[in-house]
Amino acid sequence: VKKKNGTYFVSGIVSDERTKNRIIEIIKNQGVGNLDANNLKVNINADYLSGDWQAKLARQIATVKNSKTAFVQLQNETSDYPPVPVELSNAEILLANNAGTIKLKDYTDDLIVLAFVADWAGPVRMLIPELNKLHSENIKNLRIIAVSIENAKDNKIDFEKFIRQTNIKFQSGWADKKFTEEFFRISDFNGIPQTFIIKNGRLRGVFIGASHKVIESLNNQVKKISNQ
């Protein structure tokens, strides 16, 4: 956080519009005067934040609000990224087209991009071509997995048709309802698409939607982690 000439600048911590708006709300609640979205400059990075980031930000804003210029770092270090719960790492994902089952723990050493999708969702059809492009870049140890939020038994024909129509080039299938619900609890969002980056068993990014800005952030984060 940087305060200069009465304006607060926040960079390196925002992954979506909801987070940006929450930051604005926190700053306002700390009594720093009138502030709107145009006064908050955001550099989207999409690194996952620890659960107490809002309280931490409030304390730090309160500390620096009387300074002419102040810097506060909220960025998590790699070791601080939260681990994916064991039950999710061990959960089976049933692959489409009778390709067997996989588990996230099978790919601990890989850079996993896990996307939650549905064949009926328009934004998902925007996301799939972008994930195909990412897949074709041959990034070392990159593994993209798409999981339908629908029930495998009821969704098999429709989803496998969707896979053919969109020419999905990466692993795709279904998991049980709890698997989806737990990831949605992590993101605090119930819509689709939403995409998670996982590396070494730890969550490294959460991306909501399929806008140009979200896709750009997702690609940048994947490449950043692959180069570390």
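Structure first, text after, so check above.
Report on the accompanying structure.

Cut-off values and rules
For every chain, the first residue of the written sequence is number 1, and numbering continues from 1 along that sequence. Totals for whole chains, interfaces and linings use every residue, but because this is a predicted model, local features are given only for residues with pLDDT of at least 70 and side-chain atom pairs only at 80 or more, for both listing and counting. Only hydrogens and water are removed before side-chain values are computed, so all heavy atoms of the structure are retained for them. Axis lines are fitted to C-alpha atoms, over the contacting stretch for helices. Their N-to-C directions set the angle, which ranges from 0 to 180 degrees. Put simply, DSSP marks the helices as runs of H or I at least four residues long and the strands as runs of E at least two long, and each gets a number from the N terminus on. Angle categories: roughly parallel below 35 degrees, roughly antiparallel above 145, roughly perpendicular from 65 to 115, and oblique for all the rest. For a crossing to be left-handed, the near helix must be turned anticlockwise from the far one by less than a right angle; the clockwise case is right-handed. Only heavy atoms matter for contacts: two residues are in contact if any of them lie within 4.5 Å across the pair. When residue character is reported, Ala, Val, Leu, Ile, Met, Phe, Trp, Tyr, Cys and Pro are called nonpolar, Asp, Glu, Lys and Arg charged, and the others, Gly included, polar. Among buried residues, the Ala, Val, Leu, Ile, Met, Phe, Trp, Tyr and Cys ones that are joined through side-chain atoms within 4.5 Å form a nonpolar core. To sort residues, take the accessible area from a 1.4 Å probe on protein chains only and compare it with the maximum for the residue type: under 20% means buried, over 50% means exposed, and anything in between is partly exposed. Paired strands, in this sense, are two strands between which DSSP finds at least two bridges.

Digging into the packing of helix H4 (residues 122-136) against helix H7 (residues 212-226)
- One can describe the packing of H4 onto H7 by two numbers: an axis separation of 11 Å at closest approach and a directional angle of 20°. Considered as vectors, H4 and H7 are oriented roughly parallel to each other. In this structure, the crossing between H4 and H7 has a hand that is right-handed. Contacts between H4 and H7 involve Leu-127, Glu-130, Leu-131 and Leu-134 from the first element and Ile-215, Leu-218, Asn-219 and Val-222 from the second.
- Considering only residue class, the contact of H4 with H7 consists of six nonpolar, one polar and one charged.

Points about the nonpolar core
- By size, the foremost hydrophobic cluster in this structure holds 53 residues, and its most contacted members are Leu-104, Leu-114, Phe-116, Phe-179, Phe-183 and Val-222.
- Top element by residues in this core is strand S6 (residues 111-117). It accounts for seven residues.

A look at the pairing of strand S10 (residues 202-208)
- Burial analysis of S10 places six of its seven residues in the buried class, which makes it a mostly covered element.
- Connecting the antiparallel pair strand S9 (residues 194-199) and S10 is a turn made up of two residues, with Asn-200 showing a positive phi of about 55°.

Focus on the side chain of Thr-166
- Examined against the element boundaries, Thr-166 turns out to sit in helix H5 (residues 152-166).
- Residue Thr-166 is classed as buried on the basis of its relative accessible area of 16%.
- With near-sequence residues (within four places) excluded, Thr-166 lies in contact with Arg-125, Ile-128 and Asn-132.

A word on the sheet that holds S10
- Ordered by their spatial adjacency, seven strands build an open sheet running S5-S4-S8-S7-S6-S9-S10, and the pairing between neighbours is mixed. Lying at the two open borders of the sheet, with one neighbouring strand each, are strand S5 (101-103) and S10. Adjacent strand axes in the sheet meet at a mean angle of 30°, parallel and antiparallel pairs treated alike.
- Bridge analysis of S9 against S10 gives six bridges, and the strand direction is antiparallel. Across the sheet, residue Phe-196 finds its bridge partner in S10, namely Val-206.
- In the packing of H4 onto the sheet, the strands contacted are S6, strand S7 (142-148) and S9, and the crossing angle to S6 comes to about 160°.

Regarding the packing of H4 against H5
- For the pair H4 and H5, the least separation of the axes is 11 Å and the interaxial angle reads 55°. Classified by the angle between their axes, H4 and H5 sit oblique to one another. The handedness of the crossing between H4 and H5 comes out as right-handed. On H5, the residues touching Val-124, Arg-125, Ile-128 and Asn-132 of H4 are Phe-162, Gln-165 and Thr-166.
- The residue inventory of the contact of H4 with H5, partitioned by class, reads three nonpolar, three polar and one charged.

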